[in-house]
Amino acid sequence: MTVYFIGAGPGAADLITVRGQGLLARCQVCLYPGSLTPTELLAHCPDDALLVDTADRTLDQIIDEMVAAHGRGHDVARLCSGDPSIYSAVAEQMRRLDAAGVPYEVVPGVPAFAAAAAVLGRELTVPTVGQSVVLTRTQARSTSMPDGESLATFGASGATLALHLAANRIEQVVDELLPHYGAECPAAAVAHASQPGEQVVRGTLGTIAGQVRDAGINRAAMIFVGRVLAAENFPDSFLYSAGRDRSKQPASL
């Protein structure tokens, strides 16, 4: 058997990949993260599949379910919100599966930051304006951030920031970033991207904290800070330039 860590996407049931949906349809066991999983996704599971909500399970209990399924010869679909490569707690699960001799495979999904950028209608890498995106979070009751990974450090680069789980600390985020980006730097917040309760707030670093509070946006949101969010007078990329020699591939942006 195999455990499949499947990126379920940002919330909309139709944003799971074709591969992920196909695996859901044939796995005899599905572990899913409670309220983060649309019920429409679970409808793809076989009628007789064992469905396990992991919202109130400990890591050891989740691994026990996987190991038990392995003993029965059953494939497992382990749904992860967004994409398994970011903030999914997959690393510790894979480590324990390695120790237990249980095989697994990772199936990517649409990450929350990509869905939020789509809602904003913005490319996060714009020629001469911003070519780097920092995906990070803030620390509250979660695991400590490693040394050197502070908002001030990232802000000093001027790169576009995509902040997960930061809405509840939006004032502190603004205070840390203002010296690096300035009050007029574009900022935005997107809550529940792709879902029925989707909320979008656009402003500047100087206004975004008040806007987020006024909108009642809390943890389930992406916060963006960067000049790409309002970029207009920028040069076209080299990719489609009439002056590029198309006989030489691949092309650089």
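Residues numbered from 1 in each chain as written. Predicted model: local features only at pLDDT ≥ 70, side-chain atom pairs only at ≥ 80, totals over all residues. Heavy atoms only, no water.

1. Considerations on the domain arrangement of the protein
Domains assigned within the protein are domain 1 (3-107) and domain 2 (112-230). Relative placement of domain 1 and domain 2: their C-alpha centres are 29 Å apart. Domain 1 puts 7 residues into the contact, and the matching count from domain 2 is 10 residues. A per-residue breakdown of the area domain 1 buries against domain 2 is headed by Pro10, Ile86 and Tyr87, which together make up 76% of the total. (Domains from an automatic or database assignment. Contact = heavy atoms within 4.5 Å. Buried area = accessible area lost by both parts, 1.4 Å probe.)

2. Brief notes about the pattern of salt bridges
As enumerated under the stated definition, the model contains 4 salt bridges in all. Taking the shortest distance from any N to any O, the salt bridge between Arg26 and Asp75 comes out at 3.1 Å. Of the two residues, Arg26 sits in the loop between helix 1 (18-24) and strand 2 (29-32) while Asp75 sits in the loop between helix 3 (59-72) and strand 4 (76-80), which places them 49 residues apart along the sequence. Note on Arg26: relative accessible area 44%, which makes it partly exposed. A salt bridge links Glu171 to Arg213; the nearest nitrogen and oxygen atoms lie 2.9 Å apart. Taken together, the residues span a long stretch of sequence, with Glu171 in helix 7 (residues 170-181) and Arg213 in helix 8 (residues 208-215) at a distance of 42 residues. Since its relative accessible area comes to 32%, Glu171 is described here as partly exposed. (Salt bridge = Lys/Arg side-chain N within 4 Å of Asp/Glu carboxyl O. Helix = DSSP H or I, 4+ residues; strand = E, 2+ residues; numbered from the N terminus. Buried < 20%, exposed > 50% of the residue type's maximum accessible area, 1.4 Å probe, protein only.)

3. With respect to the sheet that holds strand 8 (residues 186-191)
Taken in spatial order, the 5 strands of this open sheet run 6-7-10-8-9, and their pairing is mixed. Since the sheet does not close on itself, it has two edges, and those belong to strand 6 (133-137) and strand 9 (199-204), each with one partner. If you compare each strand with its neighbour and ignore which way they point, the axes differ by 15 degrees on average. Examined bridge by bridge, strand 6 and strand 7 (residues 160-164) share 5 bridges and lie parallel to one another. Looking at strand 7, one finds that Arg137 is bridged to His164. Packed onto the sheet, helix 5 (residues 112-120) meets strand 6, strand 7, strand 8, strand 9 and strand 10 (221-225) and runs at close to 65 degrees relative to strand 10. (Pairing = 2+ DSSP bridges. Axes fitted to C-alpha atoms, helices over the stretch in contact; angles between N-to-C directions.)

4. Observations regarding the packing of helix 3 against helix 4 (residues 90-100)
It is at 10 Å that the axes of helix 3 and helix 4 come closest, and there the two elements cross at 45 degrees. On the basis of the axis angle, helix 3 is oblique to helix 4. The handedness of the crossing between helix 3 and helix 4 is right-handed. Of the residues in helix 4, those in contact with Leu59, Asp60, Ile62, Ile63, Met66 and Val67 of helix 3 are Glu92, Gln93, Arg96, Leu97 and Ala100. For the contact of helix 3 with helix 4, a count of residues per class yields 7 nonpolar, 1 polar and 3 charged. (Parallel < 35°, antiparallel > 145°, perpendicular 65-115°, else oblique. Left-handed = near helix turned anticlockwise from the far one by under 90°. Nonpolar A, V, L, I, M, F, W, Y, C, P; charged D, E, K, R; others polar.)

5. Some details on unusual backbone geometry
Excluding glycine, most residues fall at negative phi; most peptide bonds, likewise, are trans. Here the phi dihedral of Tyr87 falls at roughly 50 degrees; this positive angle occurs in a residue that is not glycine. Following the sequence through the fold, Tyr87 ends up in the loop between strand 4 and helix 4. Unusually for a residue other than glycine, Leu165 sits at a positive phi of about 55 degrees. Looking at the secondary structure, you find Leu165 in the loop between strand 7 and helix 7.

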